[in-house]
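# Tertiary structure, described
Below, each chain spelled out in residue letters.
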Amino acid sequence: MILDDFMTRAALAGIGTALAAAPLGCFVVWRRMAYFGDATAHAAILGVALSLAFQLPVFAGALVVALVMATVVSLMSGRGYAMDTLLGVMAHSALAFGLVAVSFLDSVRIDVMAYLFGDILAVSRGDLAVIWGGAVLVLGLVGWRWSALLTATLNPDLARAAGLDPRREELVLTLSLAVVVAVAIKVVGVLLITAMLIVPAATVRPFARTPEAMGLGAAALAMATSYGGLRLSYAFDTPTGPTIVCVAAICFALSASLAGLMRRQRG
Amino acid sequence: MTDPLVEIRNLTVRYGESVALDDVSLSVAGGEIVTIVGPNGSGKSTLIRAILGGVTPARGGVHKAPGLRIGYVPQRLVLDPTLPMTVRRFLSLPRRVSAAAAREALDSAGVPGLGGRQMAALSGGQFQRVLLARALLERPDLLILDEATAGLDQPGSAAFYRRIEEVRAETGCAVLMVSHDLHVVMSASDRVVCLNGHVCCEGAPEVVAETPDYRALFGEGTRGTMALYRHHHDHSHGDGHAHGHDHEHSHDHSHDPEHRQPAAAEGTQNSDPGR
């Protein structure tokens, strides 16, 4: 069967993650939530440690801790610290606590690197089911709330006047973000998840005229870079997660240079 | 008069220790233009946000007519540069509207043919009119404008408010607005509410402008400019003047000085001609 091949499973895992992360990543870019994504992702390593300690599925533990983190950050915002300070504190302390917690687990010999940078070549059929289940859930949520999310992103009062509840839309984003983090751990690891979210969106931005074009373009580009990164890592025997992010980053550099050239020509 | 569209009863809003609104009661009836004036920090924007449902009152509350449709034009809409947005797409937020409806709304707001442009490429005046067009697409019973002309020059904001009056005449919607452009706005209002944490005074523009509370807040000077604008306003709308219903920007630019000149010559107390 086709899923017997580890490269096929890896490709499907990368494409599934890219598909969910890129459109959501547009909102992360538009709402300037990159650091928020980081904090949520870094907290997930604590979730990994806890799930291993209590012998729960890693996905569930990461999801729950990512959700708790996102909620705590939302609640603490506007309480005297600037948002980026607060997120910086939370992101790195969550990571530090997670790493310390993992070190206590001497009964289970685990490779921390696999959770920090992903281990896409070891994706099992079960992992694939979780990744695609999560991707479909996130795409469904974001697609269903797309216009409402956009309105709330533009201006919360504008959303309220139209009968929407901006806090509910924020909750949709928070939940989606936690799911993406949980499914992406296996693919790129907690340290590089934010790159999967924002790099494709930022790359497509100069060529998009509408939010929808940016979302679709980001999804297409993210899938292409995931697959390209996977092939390259196989050819050059490099770590897969970081290779995918490198390919995405090179695309971003090309896009930014091209956009700069186009601006100069027009001006 | 019919039941009010919005009725605010004894509304008190606190931000931590400070009281933003203290026991404010106010209602807006169908088809009415009500203007809220007040100095900075007087709670004007808080009041608007309370009507939209964005603040939790410490006491009292806001009662809206069932099924009330609100069109809202915010003070300022900051578009993140990373968010691409055409005018046409913006008009369909959050509900999709047909191409014909979008075109009509842009025409009606005085900015025809802008649909394909990026929001970020619009001038201040065009931007505010696109916001107005979007608000009108909601077919509002109540149009709420929060300092909608903050970024416009005086002829621009005068033209904007004249457009609002026409919209009211065409659609019969009520209008609740907050503004710093006292003279322009007050002359277009049926009722003025002077707010400074609490309601200082309320009534017809001429009446409010004469009250001691209003003068204490805004000084004597504004009376003069208001009279001036009252004159301008009556003139351009009252006599079937050939250009009376031409609402191009150029009209305002070319005609303002003409009207301003005789008004000043008639000895209206224009203590602040620069404004």
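Residues numbered from 1 in each chain as written. Chains lettered and ligands numbered in written order. Predicted model: local features only at pLDDT ≥ 70, side-chain atom pairs only at ≥ 80, totals over all residues. Heavy atoms only, no water.

## Things to note about the overall build of chain B
Along chain B, the regular secondary structure elements total ten helices and nine strands. Every one of the 275 residues in chain B was classed for burial, and the buried ones make up 54%. Across chain B, contacts joining residues at least 24 apart in sequence account for 68% of those joining residues at least 6 apart. Of the roughly 11,800 Å² of accessible surface on chain B, a fraction of 50% belongs to carbon and sulfur atoms. (Helix = DSSP H or I, 4+ residues; strand = E, 2+ residues; numbered from the N terminus. Buried < 20%, exposed > 50% of the residue type's maximum accessible area, 1.4 Å probe, protein only. Contact = heavy atoms within 4.5 Å. Areas by Shrake-Rupley, 256 points an atom, 1.4 Å probe, with all protein chains shown as cover.)

## Regarding the pairing of strand S7 (residues 174-178) of chain B
Residue and element names in this part refer to chain B. Of all five residues in S7, five are buried, a share of seventy percent or more. In S7, alternate side chains face the same way, and those of Ala174, Leu176 and Val178 on one face and Val175 and Met177 on the other are all buried. Note that strand S6 (residues 142-146) and S7 share five bridges and pair parallel. Note that in S7 the partner of aspartate 146 across the bridge is valine 178. (Pairing = 2+ DSSP bridges.)

## Comments concerning the layout of surface pockets
Residue and element names in this part refer to chain A. Roughly 680 Å³ of internal volume is contained in the largest pocket. Contributing to the lining of the largest pocket are 24 residues, with Trp30, Arg31, Arg32, Met33 and Glu170 lying nearest its centre. Residue assignment for the lining of the largest pocket shows that the elements contributing at least two residues are helix H2 (34-53), helix H4 (83-103), helix H6 (125-154) and helix H8 (166-188). Here the lining of the largest pocket gets four residues from one element, more than from any other, and that element is H8. For the lining of the largest pocket, the per-class residue count stands at 15 nonpolar, four polar and five charged. (1 Å grid on protein atoms, 1.4 Å probe; cavity = no way out; pocket = protein on both sides within 12 Å on 5 of 7 lines; lining within 4 Å. Points joined across faces, edges and corners; volume = space filled by probe spheres on them. Nonpolar A, V, L, I, M, F, W, Y, C, P; charged D, E, K, R; others polar.)

## As for helix H1 (residues 44-52) of chain B
The buried fraction of H1(B) amounts to seven of the nine residues, a majority that puts the element mostly inside the structure. Of all the residues in H1(B), the buried ones are B:Lys44, B:Thr46, B:Leu47, B:Ile48, B:Ala50, B:Ile51 and B:Leu52.

## A look at the interface of chain A and chain B
Taken together, the contacts link 22 residues of chain A with 27 residues of chain B. Per-residue buried area on chain A facing chain B is highest for A:Leu154, A:Leu158 and A:Arg209; these three make up 28% of the total on that side. In this assembly, chain A and chain B are joined by three salt bridges. Between A:Glu212 and B:Arg89 there is a salt bridge, and its shortest N-O distance comes to 2.7 Å. (Buried area = accessible area lost by both parts, 1.4 Å probe. Salt bridge = Lys/Arg side-chain N within 4 Å of Asp/Glu carboxyl O.)

## Observations concerning the environment of A:Glu169
Residue and element names in this part refer to chain A. Within the secondary structure, glutamate 169 sits in helix H8. Between the C-alpha atoms of glutamate 169 and alanine 66, which are 103 residues apart in sequence, the distance is 18 Å. If we skip the residues at most four places from it in the chain, glutamate 169 touches Arg145, Ala148, Leu149, Ala152 and Leu164. Separated by 2.6 Å, the side chains of glutamate 169 and arginine 145 make a polar contact. (Polar contact = N/O pair within 3.5 Å; in protein donor to acceptor, adjacent residues only side chain to side chain.)

## Some thoughts on the sheet that holds strand S1 (residues 6-15) of chain B
Residue and element names in this part refer to chain B. Strand order in the open sheet formed by three strands is S2-S1-S4, with antiparallel pairing between adjacent strands. With partners counted over all chains shown, the strands left at the sheet margins are strand S2 (18-28) and strand S4 (59-64), one partner each. Here the strands of the sheet are splayed against their neighbours by 20° on average, with no regard to which way each runs. Bridge analysis of S1 against S4 gives five bridges, and the strand direction is antiparallel. Residue pairing in the sheet places threonine 12 in a bridge with arginine 59 of S4. In this fold H1 packs onto S1, S2 and S4, with an angle of close to 120° to the strand it touches most, S1. (Axes fitted to C-alpha atoms, helices over the stretch in contact; angles between N-to-C directions.)

## As for the sheet that holds strand S5 (residues 70-73) of chain B
Residues and elements named next belong to chain B. Strand order in this open sheet of six strands is S5-S6-S7-S3-S8-S9, and the pairing throughout is mixed. Single-partner strands in this sheet number two, and they are S5 and strand S9 (198-203). Averaged over all adjacent pairs, the angle separating strand axes in this sheet is 15°, with direction ignored. Where helix H4 (residues 124-137) meets the sheet, its contacts fall on S5 and S6, and the angle it forms with S5 comes to roughly 170°. Lying on the sheet, helix H5 (residues 154-171) is in contact with strand S3 (33-37), S6 and S7; it crosses S7 at an angle near 160°.

## As for the pairing of S5(B)
Two faces make up the sheet, and in a regular strand the side chains alternate between them. Residues and elements named next belong to chain B. By the alternation rule, side chains of S5 split into Ile70 and Tyr72 and Gly71 and Val73, which are all buried. Both S5 and S6 contribute to a ladder of four bridges, which runs parallel. Across the sheet, the residue bridging to tyrosine 72 is isoleucine 144, located in S6.

## Digging into the pattern of salt bridges
Residues and elements named next belong to chain A. Throughout the structure, instances matching the rule amount to 19 salt bridges over all chains. A salt bridge links aspartate 165 to arginine 167; the shortest N-O distance between them is 3.6 Å. One network of salt bridges, with partners in common, ties together Arg145, Arg168 and Glu169.

## Describing the side chain of B:Lys44
Residues and elements named next belong to chain B. Position of lysine 44 relative to the elements: it lies in helix H1. Here lysine 44 falls in the buried class, since its relative accessible area comes to 6%. For lysine 44, the side chain forms a polar contact with the main-chain oxygen of glycine 38, separated by 2.6 Å.

## As for the confidence of the model for chain B
All names here are of chain B. For chain B, mean pLDDT is 77; residues scoring 70 or higher make up 76% of the total. Element-level pLDDT for chain B is lowest in helix H10 (residues 249-265), with a mean of 38, against a maximum mean of 94 in helix H2 (residues 87-91). pLDDT under 50 marks residues 223-275. Its contacts with residues more than four places away, or in other chains, come to 66 contacts. (pLDDT = per-residue confidence, 0-100.)

## Quick look at the packing of H2(A) against H8(A)
All names here are of chain A. Packing of H2 against H8 brings their axes to within 10 Å, and their N-to-C directions diverge by 55°. In terms of orientation, H2 and H8 fall into the oblique class. The chirality of how H2 crosses H8 is right-handed. In this structure, H2 uses Phe36, Gly37, Thr40, Ala41, Ala44 and Val48 to contact H8, whose residues at the interface are Leu177, Ala178, Val181 and Ile185. For the contact of H2 with H8, the class distribution of residues is eight nonpolar, two polar and no charged. (Parallel < 35°, antiparallel > 145°, perpendicular 65-115°, else oblique. Left-handed = near helix turned anticlockwise from the far one by under 90°.)

## Quick word on unusual backbone geometry
All names here are of chain B. The linkage connecting leucine 93 with the following residue, proline 94, adopts the cis geometry, with an omega of -5°. By secondary structure assignment, the location of proline 94 is in the loop between H2 and helix H3 (99-108). A positive phi angle, near 55°, is found at aspartate 23, a position not held by glycine. Here aspartate 23 is to be found in strand S2. The phi torsion at arginine 139 lies on the positive side, around 45°, for a residue other than glycine. Relative to the helices and strands, arginine 139 is located in the loop between H4 and S6.

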